[in-house]
2 protein chains.
Amino acid sequence: MNITSIIAAIPLFEGLTQQQCESLGAIAVRRNYSRQQSLFSEGDESNGFYIILTGKVKIFKLSPEGKEQILHIMGPGEPFGEAAVFAGEHFPASARTLAESKVLFFPRLSFVALITKNPSLSLNMLAFLSRRLRRLTSLVEDLSLKEVPGRFAAYLLYSGKHKNDPDVIELGISKNQLAGLLGTIPETLSRILKRMSQEKFIKAGVRHIQILDREGLRELSEGRRRLS
Amino acid sequence: MNITSIIAAIPLFEGLTQQQCESLGAIAVRRNYSRQQSLFSEGDESNGFYIILTGKVKIFKLSPEGKEQILHIMGPGEPFGEAAVFAGEHFPASARTLAESKVLFFPRLSFVALITKNPSLSLNMLAFLSRRLRRLTSLVEDLSLKEVPGRFAAYLLYSGKHKNDPDVIELGISKNQLAGLLGTIPETLSRILKRMSQEKFIKAGVRHIQILDREGLRELSEGRRRLS
DNA sequence: GTTGCGCCTTGACTTAAGTCAAACTTCAAT
DNA sequence: ATTGAAGTTTGACTTAAGTCAAGGCGCAAC
């Protein structure tokens, strides 16, 4: 498929002219990764950023003892690694595919040259960074001010990962990875799943969670209630 | 003092021409706040962003039970509230002065108009947002992967709040506020201060902390060692 | 099919850090 | 200097969640 039309369909590049998309296409590099492949590691020198075309990539931090905190899971259309382009030289976290993935890579220097000439591109980029900042803020809030059941309830309510039925959440990742995203460990998540099922907040399947008591989950997520 | 020269001295506006600084000056509004005054609260509608001239402002989240997580403490020259200008309509956190403060306020619409015409201003803004993102990433890492002594050790090593002697940290905020910044509560911080003093990592004063064993602190912050 | 390897669950135990309550210190304002 | 409020410390207690270890489940490959 033609790279210009691929680029025109990416949210970050919304509103750009055909010609601007062509200049972006001229500097973009396609890359393919298999499952469980590392794109970069924390501390690596940054020479550009990525946009996912297909697949799934996690951005994460590892503790020396091996615990993993996932900062974000990126899907098709989402950019990552941009902050390192504008701020510093090295990546503050690591990136690894969770599934076979195709991405576009934009080399740093050529991209910075383009962005200085395209006000709407830089405004788009500012909007994306700002939204990322907001999400991280909410992760900090969860980690610091909520208990694990509250974090999980918030995830169910606001992750937007439902299919047709708004009450059925498609996890799309393993419960191990979900634990890492919630800032906990698989054992704890498993126990909470069990308790929340017993208390009829949810019905937990292998790959889906069904919401039974939306209001109850809201109370849990806001700390107005706790599991007994 | 003349507003154009004030603006020219602000890091966010570095590299702008005299004329560009004048247009910024034309839209900026000076505001003064006394101690412990709220600038905005989480959820408020955003109509612009701020830059501190003098004083100190904390950006924070509150849990329903009243625990406070400080996201950042801003000092002179630092902008805040910008993310809401580019991403959404409402502030994701609250802001309150920790001391009497003078700030510049930039109304949203006029500023967005200016930034579309000034590539170097938008690059500066991108750099600031990216750095903010990096700091939040590191806060997430601390909260999720480190214990409180490790967070505090990292704060001592990397906050950059030393005066002449690089081994003496000027806190500049109350220990209550520091606890909020580290994602804990005053009692816990107090106990850790005591233990770290007993074990000769630091010497704790009212307003300063003296570093006695830098390497030990590094080991604590990286999880290679723990308090006994 | 059967084998094997991740993924997931469960139980028993440990522990870091929070809660509650009381007392002490500091400091700004009268 | 006196007062009072805020900041800080300490002790006793509770608890959420992590660790360790064992066993079960499920899917993919042979």
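Nothing here was measured: the structure is a model prediction, and the numbers come from that model.

## Observations concerning the overall build of chain A
Part 1 of the reasoning: Looking only at helices and strands, one finds nine helices and 11 strands in chain A.
Part 2 of the reasoning: Its C-alpha radius of gyration of 19 Å places chain A within 12% of the 17 Å reference for a compact globule of 228 residues.
Part 3 of the reasoning: Based on the C-alpha atoms only, the size of chain A along its principal axes is roughly 60 × 40 × 30 Å.
Part 4 of the reasoning: Within chain A, the proportion of its 228 residues that are buried is 52%.
Part 5 of the reasoning: Carbon and sulfur atoms make up 50% of the accessible area of chain A, which amounts to about 10,500 Å² in all.
Part 6 of the reasoning: In chain A, 31 positive and 23 negative side-chain charges are present, and the distance between their average locations comes to 3 Å.

## Structural notes on the interface of chain A and chain B
Part 1 of the reasoning: Across the contact, 43 residues belong to chain A and 43 residues belong to chain B.
Part 2 of the reasoning: Roughly 3,700 Å² of surface becomes buried between chain A and chain B when both sides are summed, with 72% attributable to carbon and sulfur atoms.
Part 3 of the reasoning: Where Lys61 of chain B meets Glu141 of chain A, a salt bridge forms, and the shortest distance between an N and an O atom there is 3.0 Å.
Part 4 of the reasoning: When contributions to the side of chain A that touches chain B are tallied by element, the ones reaching two or more residues are strand E4 (57–62), strand E5 (68–74), helix H3 (82–86), helix H4 (108–117) and helix H5 (119–145) of chain A.
Part 5 of the reasoning: With 20 residues, H5 of chain A is the single largest residue contributor to the side of chain A that touches chain B.

## Brief notes about the pairing of strand E8 (residues 101–107) of chain B
Residue and element names in this part refer to chain B.
Part 1 of the reasoning: Buried residues dominate E8, accounting for five of its seven residues.
Part 2 of the reasoning: The pairing of strand E1 (residues 29–33) with E8 spans five bridges and is classified as antiparallel. The partner of Arg30 across the bridge, within E8, is Leu104.
Part 3 of the reasoning: Judged from the six bridges that link them, strand E3 (residues 48–54) and E8 form a sheet pairing that is antiparallel. Bridging from a neighbouring strand, Gly48 pairs with Pro107 of E8.

## Re the protein's contact with DNA strand C
Part 1 of the reasoning: Around DNA strand C sit 18 residues, and of these Arg191 of chain A together with Val148, Thr184, Thr188 and Arg207 of chain B come closest.
Part 2 of the reasoning: Of all atoms in DNA strand C that approach within 4 Å of the protein, 69% are sugar or phosphate atoms.
Part 3 of the reasoning: Within the backbone of Val148 of chain B, a nitrogen or oxygen atom sits 2.7 Å from a phosphate oxygen of DNA strand C.
Part 4 of the reasoning: Residue Arg207 of chain B places a side-chain N or O atom 2.3 Å away from a phosphate oxygen belonging to DNA strand C.
Part 5 of the reasoning: Contributions of two or more residues to the surface near DNA strand C are made by helix H7 (175–182) and helix H8 (186–198) of chain A together with helix H6 (148–158) and helix H8 (186–198) of chain B.
Part 6 of the reasoning: Tallied by class, the residues present in the surface near DNA strand C amount to three nonpolar, six polar and nine charged.

## Here we look at the protein's contact with DNA strand D
Part 1 of the reasoning: Neighbouring DNA strand D are 17 residues; Val148, Thr184 and Thr188 of chain A together with Lys175 and Asn176 of chain B lie closest to it.
Part 2 of the reasoning: Counted by atom, the contact set of DNA strand D within 4 Å of the protein is 71% sugar and phosphate.
Part 3 of the reasoning: Within the contact set of DNA strand D, a phosphate oxygen lies 2.8 Å away from a side-chain nitrogen or oxygen of Thr188 of chain A.
Part 4 of the reasoning: Contact between DNA strand D and Lys175 of chain B: a phosphate oxygen at 2.9 Å from a main-chain N or O atom of the residue.

## A look at the sheet that holds strand E3 (residues 48–54) of chain A
What links the strands of a sheet is backbone hydrogen bonding, and the strands pair in either a parallel or an antiparallel sense.
All names here are of chain A.
Part 1 of the reasoning: In space, the four strands of this open sheet follow the order E1-E8-E3-E6, with antiparallel pairing throughout. Two strands in the sheet have a free side with no partner beyond their single neighbour: strand E1 (29–33) and strand E6 (79–80).
Part 2 of the reasoning: This element, H4, spans E3 and strand E8 (101–107) of the sheet and lies at about 70 degrees to E8.

## Comments concerning the relation of the copies chain A and chain B
Part 1 of the reasoning: Of the transformation superimposing chain A on chain B, the axial component is 0.0 Å and the angular component is 180 degrees, with the fit at an RMSD of 0.0 Å. When the rotation and shift are considered jointly, the pair of chain copies conforms to a two-fold rotation axis.
Part 2 of the reasoning: Interface residue correspondence from chain A to chain B reaches 100%, placing this contact among same-surface, isologous pairings.

## Things to note about the pairing of strand E11 (residues 208–211) of chain A
Residue and element names in this part refer to chain A.
Part 1 of the reasoning: Judged by which residues are buried, E11 turns out to be one-sided: Ile209 and Ile211 face inward and are buried, whereas His208 and Gln210, on the alternate face, are not.
Part 2 of the reasoning: Across three bridges, the pairing between strand E9 (residues 168–170) and E11 is antiparallel. When the bridges of E11 are listed, Glu170 appears paired with His208.
Part 3 of the reasoning: As paired elements, strand E10 (residues 202–204) and E11 share three bridges and run antiparallel to each other. Within E11, the position partnered with Lys203 by the bridge is Gln210.
Part 4 of the reasoning: Turn length for the E10-E11 hairpin, with the two strands adjacent in sequence and antiparallel, is three residues.

## Section: the domain arrangement of chain A
Residues and elements named next belong to chain A.
Part 1 of the reasoning: One can read the domain layout of chain A as domain 1 (3–136) and domain 2 (146–221).
Part 2 of the reasoning: Between the C-alpha centres of domain 1 and domain 2 there is a distance of 28 Å.
Part 3 of the reasoning: On the domain 2 side, the residues contacting the eight residues of domain 1 number eight residues.
Part 4 of the reasoning: Inspection of the domain 1/domain 2 interface yields zero salt bridges.
Part 5 of the reasoning: Scanning the region where domain 1 abuts domain 2 turns up six residue pairs in polar contact (both at pLDDT 80 or more).
Part 6 of the reasoning: Broken down by element, the residue count for the side of domain 1 that touches domain 2 peaks at four residues, all from E5.
Part 7 of the reasoning: The residue makeup of the side of domain 1 that touches domain 2, split by class, is three nonpolar, one polar and four charged.

## Let's talk about the nonpolar core
Part 1 of the reasoning: Judged by nonpolar contacts, the single largest core of 91 residues is most densely connected at Phe13 and Phe111 of chain A together with Phe13 and Phe111 of chain B.
Part 2 of the reasoning: If we skip the residues at most four places from it in the chain, Phe13 of chain A touches Ile7, Leu24, Ile51, Phe106, Phe111, Leu121 and Asn124 of chain A.

## Side note on the pattern of salt bridges
Part 1 of the reasoning: Evaluation of the coordinates by the stated rule reveals 26 salt bridges over all chains.
Part 2 of the reasoning: Salt bridges linked by common partners bring Glu215, Arg218, Glu219, Glu222, Arg224 and Arg225 of chain A together as one network.

Conventions and cut-offs
- Residues numbered from 1 in each chain as written.
- Chains lettered and ligands numbered in written order.
- Predicted model: local features only at pLDDT ≥ 70, side-chain atom pairs only at ≥ 80, totals over all residues.
- Heavy atoms only, no water.
- Helix = DSSP H or I, 4+ residues; strand = E, 2+ residues; numbered from the N terminus.
- Rg over C-alpha atoms; globule rule 2.2 N^0.38 Å.
- Buried < 20%, exposed > 50% of the residue type's maximum accessible area, 1.4 Å probe, protein only.
- Areas by Shrake-Rupley, 256 points an atom, 1.4 Å probe, with all protein chains shown as cover.
- Lys, Arg positive; Asp, Glu negative; His and termini not counted.
- Charge placed at Lys NZ, Arg CZ, Asp CG, Glu CD.
- Contact = heavy atoms within 4.5 Å.
- Buried area = accessible area lost by both parts, 1.4 Å probe.
- Salt bridge = Lys/Arg side-chain N within 4 Å of Asp/Glu carboxyl O.
- Pairing = 2+ DSSP bridges.
- Near = heavy atom within 4 Å.
- Polar contact = N/O pair within 3.5 Å; in protein donor to acceptor, adjacent residues only side chain to side chain.
- Nonpolar A, V, L, I, M, F, W, Y, C, P; charged D, E, K, R; others polar.
- Axes fitted to C-alpha atoms, helices over the stretch in contact; angles between N-to-C directions.
- Least-squares fit on C-alpha atoms with pLDDT ≥ 70 in both.
- Domains from an automatic or database assignment.
- Core = buried A, V, L, I, M, F, W, Y, C linked by side-chain atoms within 4.5 Å.

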